[in-house]
Amino acid sequence: MYGFSVSLPDLMASLLLFLIFLQAYSSVSDRHISCEKPKTNRCDVYGNGRIIDITHSITPEMIAWGTGGIGLGQFLWLKKSIKKGDNINSSFMNLSVHTGTHVDAPGHFIGSDFDAGFDVDNLDLDALIGPGLLVDVPRDKNKITADVMESLSIPKGIKRVLFRTSNTDRGLMYKREEDLSFVAFSADGAKWLVENTDIKLVGVDYLSVAAYDDLDSAHIELLKTREIIPVEGLKLDEVEAGLYYVNCLPMRLVGAEGSPARCVLLS
């Protein structure tokens, strides 16, 4: 016979998560999230609102680092074409592993971890799948600082948090040119998250989890734990704040420090 024990704090955290989930689930029928481009038959919502896609479509026009504002450009080539007499259509692609909605592995900013093999193929799927919160960062803040993190009052026991900022309101992910005023974590905000929360998945609504002038320091604060996974470039338009079941899966790219990911919420 096997026995187990559960601490009171763990039990209370589990109960809190369950109650939040019940409240979120009971309001599913009241949620309305529209398709971004109905005429293309590409929708962000499936299963009568139960499944919400928070992944940006990859297009030649989408924003990409270091392109000088011209966008990603051609990344897909049809190498074999039925129209040209081949028996199949078969495409090849060429793009950065940090394109669009994507995840970072420790080796992205930490050279020794890259050499040691801490790549996306080694990321903990348990952190990328499970209950999580979508929270709104106060719109008068230009960074997610320690003070901002404390003000959000994220309960202990919450392991996955998606931070929606003014980046979404300003439509920064839809612009071809980088906007270096994007809202993301400061170094002290990242440090506060590491030391005071149980968060293992940090989702943000622009291409970097770290503010531009904290680019190295904030990334390193999160990635050096080897337990916290940044998910960047999320599409959080018209999604209500609250509890969801998060699914965010990168490709198994051995040796890569990042990977495009398909992220969905179940409500």
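Residues numbered from 1 in each chain as written. Predicted model: local features only at pLDDT ≥ 70, side-chain atom pairs only at ≥ 80, totals over all residues. Heavy atoms only, no water.

Visitor: What exactly am I supposed to notice about the packing of aromatic side chains here?
Guide: Two aromatic rings, taken as a pair, are described by how far apart their centres are and by the angle between their planes. Counted by the stated rule, this structure contains 4 aromatic pairs. Their ring planes at 85 degrees and their centres at 6.2 Å tell us that Trp 65 and Tyr 206 sit as a pair that is edge-to-face. With Trp 65 in the loop between strand E2 (51–53) and strand E3 (76–80) and Tyr 206 in the loop between strand E8 (201–204) and helix H7 (215–223), this residue pair connects regions lying 141 residues apart in the sequence. Residue Trp 65 is classed as partly exposed on the basis of its relative accessible area, which comes to 36%. With a centroid separation of 5.2 Å and 90 degrees between ring planes, the pair formed by Phe 163 and Phe 185 is classed as edge-to-face. In this pair, Phe 163 is assigned in strand E7 (residues 160–164) and Phe 185 in the loop between helix H5 (166–169) and helix H6 (187–196), connecting sequence segments 22 residues apart. For the residue pair Phe 163 and Phe 185, the accessibility class agrees, reading buried in each case. (Phe/Tyr/Trp six-rings, centres within 6.5 Å; stacked < 30°, edge-to-face > 60°. Helix = DSSP H or I, 4+ residues; strand = E, 2+ residues; numbered from the N terminus. Buried < 20%, exposed > 50% of the residue type's maximum accessible area, 1.4 Å probe, protein only.)

Visitor: Please explain H6 as it appears in this structure.
Guide: Helical periodicity: at 3.6 residues per turn, an α-helix aligns residues three or four positions apart in one direction. By the burial criterion, the buried members of H6 are Ala 187, Gly 189, Ala 190 and Leu 193. On the buried face of H6, the contacting elements are helix H4 (146–152), E7, E8 and H7. (Contact = heavy atoms within 4.5 Å.)

Visitor: Mind showing me how you'd approach the state of the cysteines here?
Guide: In a disulfide, the sulfur atoms of two cysteines are held together by a covalent bond. Evaluation of the coordinates by the stated rule reveals 1 disulfide. The disulfide partner of Cys 248 is Cys 263, and the gap between their sulfur atoms is 1.9 Å. Of this pair, Cys 248 sits in strand E10 (residues 242–250) while Cys 263 sits in strand E11 (residues 258–266), and the two are 15 residues apart along the sequence. Comparing Cys 248 with Cys 263 shows no difference in burial state: the two are buried. (Disulfide = S-S within 2.5 Å.)

Visitor: What is the right way to look at the environment of Ser 186 in this model?
Guide: Residue placement: Ser 186 occurs in the loop between H5 and H6. Distance in space between the C-alpha atoms of Ser 186 and Asp 213 is 8.1 Å, their sequence separation being 27 residues. If we skip the residues at most four places from it in the chain, Ser 186 touches Lys 143, Ile 144, Thr 145, Ala 146, Asp 214 and Ala 218.

Visitor: Even after reading the chapter, I still don't get H7, so can you show me in this structure?
Guide: Those residues of H7 lying buried are Ala 218, His 219, Glu 221, Leu 222 and Leu 223. On its buried side, H7 packs onto strand E5 (102–104), helix H2 (111–115), H6 and strand E9 (229–232).

Visitor: Looking at this structure, I do not really get the nonpolar core. What am I missing?
Guide: Soluble globular proteins tend to pack their nonpolar side chains together in the buried interior. Grouped together as the largest cluster of nonpolar side chains are 24 residues, with contacts concentrated most on Met 149, Phe 163, Phe 185 and Leu 193. For this core, the secondary-structure elements that each account for two or more residues are strand E6 (129–136), H4, E7, H6, E8 and H7. With 3 residues, the top contributor of residues to this core is H4. Within the second largest apolar cluster, 23 residues are counted, among which are Ile 52, Val 120, Ala 127 and Ala 256. (Core = buried A, V, L, I, M, F, W, Y, C linked by side-chain atoms within 4.5 Å.)

Visitor: I would appreciate a short explanation of the packing of H6 against H7 in the present structure.
Guide: The relative placement of two packed helices is expressed as an angle between their axes plus a distance between the axes. The geometry of H6 relative to H7 is characterised by a closest axis approach of 8 Å and an angle of 10 degrees between their N-to-C directions. On the basis of the axis angle, H6 is roughly parallel to H7. Of H7, the residues touching H6 (which contributes Ala 187, Ala 190, Lys 191, Leu 193 and Val 194) are Ser 217, Ala 218, Glu 221 and Leu 222. By residue class, the composition of the contact of H6 with H7 is 6 nonpolar, 1 polar and 2 charged. (Axes fitted to C-alpha atoms, helices over the stretch in contact; angles between N-to-C directions. Parallel < 35°, antiparallel > 145°, perpendicular 65-115°, else oblique. Nonpolar A, V, L, I, M, F, W, Y, C, P; charged D, E, K, R; others polar.)

Visitor: Honestly, the side chain of Asp 214 in this entry has me stumped. Any pointers?
Guide: Within the secondary structure layout, Asp 214 lies in the loop between E8 and H7. Judged by its relative accessible area of 12%, Asp 214 falls in the buried class. Excluding residues within four positions of it along the chain, Asp 214 makes contact with Lys 143, Phe 185, Ser 186, Ala 187 and His 219.

Visitor: Is there a simple way to think about the pattern of salt bridges in this case?
Guide: When their charged atoms lie close together, side chains carrying opposite charge are able to pair. Scanning all chains against the criterion turns up 14 salt bridges. Between Arg 139 and Asp 136 there is a salt bridge, with its nearest N and O atoms 3.2 Å apart. Accessibility expressed as a relative area gives 33% for Asp 136, which makes it partly exposed. Between Lys 200 and Glu 227 there is a salt bridge, with its nearest N and O atoms 2.9 Å apart. Note that Lys 200 is positioned in the loop between H6 and E8 and Glu 227 in the loop between H7 and E9, a separation of 27 residues in sequence. One continuous salt-bridge network, built from bridges that share partners, spans Asp 136, Arg 139, Arg 164 and Asp 169. (Salt bridge = Lys/Arg side-chain N within 4 Å of Asp/Glu carboxyl O.)

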